[in-house]
Amino acid sequence: MTRRSTTKGYDLTHHATHPDDTHSQCGMHAVEVQLFAAAAERAGVRQLTVPVPPAASLAELRNRLVQVCPKLKALVANSRWAVDCEFVELDFVINGDTAIAMIPPVSGG
Amino acid sequence: MIELNDAPIDATHVLSLVHDPECGAEVMFVGTTRQWTALPMADNTAADNRAAGKPVAGNSVSTNPDRIETSHLVYEAYREMALVQMEKLEAEARRRWPVRRLAMVHRLGRVAASEASVAIAVSCPHRSEAFEAAKWLIDQLKHQVPIWKQEHYVQHGSQWIHPTAGNCNCGSTDQGADRLENMIPTDKPGTAKSAAAKLAADENAALSKGQTTRPIDSDKDYQPSEVSRL
């Protein structure tokens, strides 16, 4: 099984001018969220692009992720979040150029 | 030595990695893929009997008619983060106990029934600290390291395992009975026909009702608990 192991970092200061950014008109930024296990299975992809306003928190990102992919709603409620390979709380403010991952309850071992 | 590996785990080799002339104790935990898992009994008879010290009917999986056979597991990891978190666990274990050498290997990809999925070995001057360190490491790995298993059943289907709570007996900071354990079904609702599918209770129903399902981890006694931060 292959997977992109890193998330493309976004330079938010320049992103709004990106020609592909359909959200630039409303000041939204695109954030890439890595998905794993049942989350990836439900979404059908291993990475989703989620539009968020500037300086959004993970809580906001989480809500918008569910709007982008309603199938993730129940699993999102139980998941933790990681930024640059560390667990973070929902009040973490997304500040660009970070690898953001939704971490469903883990079951290694 | 910390490793995520797609190849089978050589437990003898892992143990040899922690040999140290200043240590009188080498402790290794090996987690294996359980072929047979008993489904929970409909009532609390088994638990009541066990609490009362009475023989427990259906206690043995081999005599339990309501059991499920796993053909293999598939493990997936957020590799980059998993390695970071495993390194943090090693550092914390070394801070807490006089660990001389440590080896932690988790297998990824397809793992057949009865094969090892994880091995953790530590060496310490004395046995008590080696036992404590090894137990702490496997408990923490199960809580903190982003690795997931997908169970594939002989009879029917497969599912990702996402335990969100339970009565973890690891002795850490579990919150006990108010936690839930949830299993995320892979099978579509309405196609469930087997014991495997029976396990795959509807996710939303489980969440809203606080439904508790069976222990699902590769070592028999594990149930997930609250996540404790290092």
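Computed from a predicted model, the values in this text were never measured in an experiment.

What to know about the overall build of chain A
Along the backbone of chain A there are 4 helices and 5 strands. Listing every helix and strand of chain A by position from the N terminus yields α-β-α-β-α-α-β-β-β. When each of the 109 residues of chain A is scored for burial, the buried share is 33%. Sequence separation of 24 or more characterises 52% of the internal contacts of chain A that already satisfy a separation of 6 or more.

Some words on the sheet that holds strand β7 (residues 116-124) of chain B
Residue and element names in this part refer to chain B. The mixed open sheet is built from 4 strands, whose spatial order is β1-β5-β7-β2. Each of the sheet's edge strands pairs with one partner strand only, and the pair in question is β1 (2-5) and β2 (25-32). Averaged over all pairs of adjacent strands, the angle between strand axes in this sheet comes to 10°, irrespective of strand direction. Of the pairings in the sheet, the one linking strand β5 (residues 101-107) to β7 comprises 6 bridges and is antiparallel in character. Bridging across to β7, Arg101 finds its partner in Ser123. Seen against the sheet, helix α3 (residues 79-96) touches β1 and β5 and runs at an angle of roughly 150° to β1.

Some details on helix α3 (residues 58-68) of chain A
Residues and elements named next belong to chain A. Of the positions making up α3, those classed as buried are Leu58, Leu61, Arg62 and Leu65. An end-on view of α3 places all buried positions within 105° of arc, on one side of the element. Those residues of α3 hidden inside the fold are in contact with β1 (29-34), β2 (47-52), α4 (73-78), β3 (80-83) and β4 (86-88).

Observations concerning the confidence of the model for chain B
For chain B, the average pLDDT comes to 74, and 60% of its residues sit at 70 or higher. Across the assembled chains, the prediction reports ipTM 0.78 with pTM 0.73.

Considerations on the sheet that holds β1(A)
Residues and elements named next belong to chain A. Pairing within the open sheet is mixed, and its 5 strands lie in the order β2-β1-β5-β3-β4. Looking along the sheet, the strands with just one partner apiece sit at the ends: β2 and β4. Strand after strand, the sheet turns through a mean of 40° between neighbouring axes, direction not considered. Strands β1, β2, β3 and β4 of the sheet are contacted by α3, whose axis makes an angle of about 115° with β2.

Description of unusual backbone geometry
Residues and elements named next belong to chain A. Unusually for a residue other than glycine, Ala37 sits at a positive phi of about 50°. Mapped onto the secondary structure, Ala37 falls in helix α2 (residues 37-43). Residue class for Ala37 comes out buried when judged on the 29 C-beta atoms lying within 10 Å of it.

Basis of the calculations
- Residues numbered from 1 in each chain as written.
- Chains lettered and ligands numbered in written order.
- Predicted model: local features only at pLDDT ≥ 70, side-chain atom pairs only at ≥ 80, totals over all residues.
- Helix = DSSP H or I, 4+ residues; strand = E, 2+ residues; numbered from the N terminus.
- Buried ≥ 20, exposed ≤ 12 C-beta atoms within 10 Å, placed from the backbone.
- Contact = placed C-beta atoms within 7 Å.
- Pairing = 2+ DSSP bridges.
- Axes fitted to C-alpha atoms, helices over the stretch in contact; angles between N-to-C directions.
- Arc of directions from axis to C-beta.
- pLDDT = per-residue confidence, 0-100.

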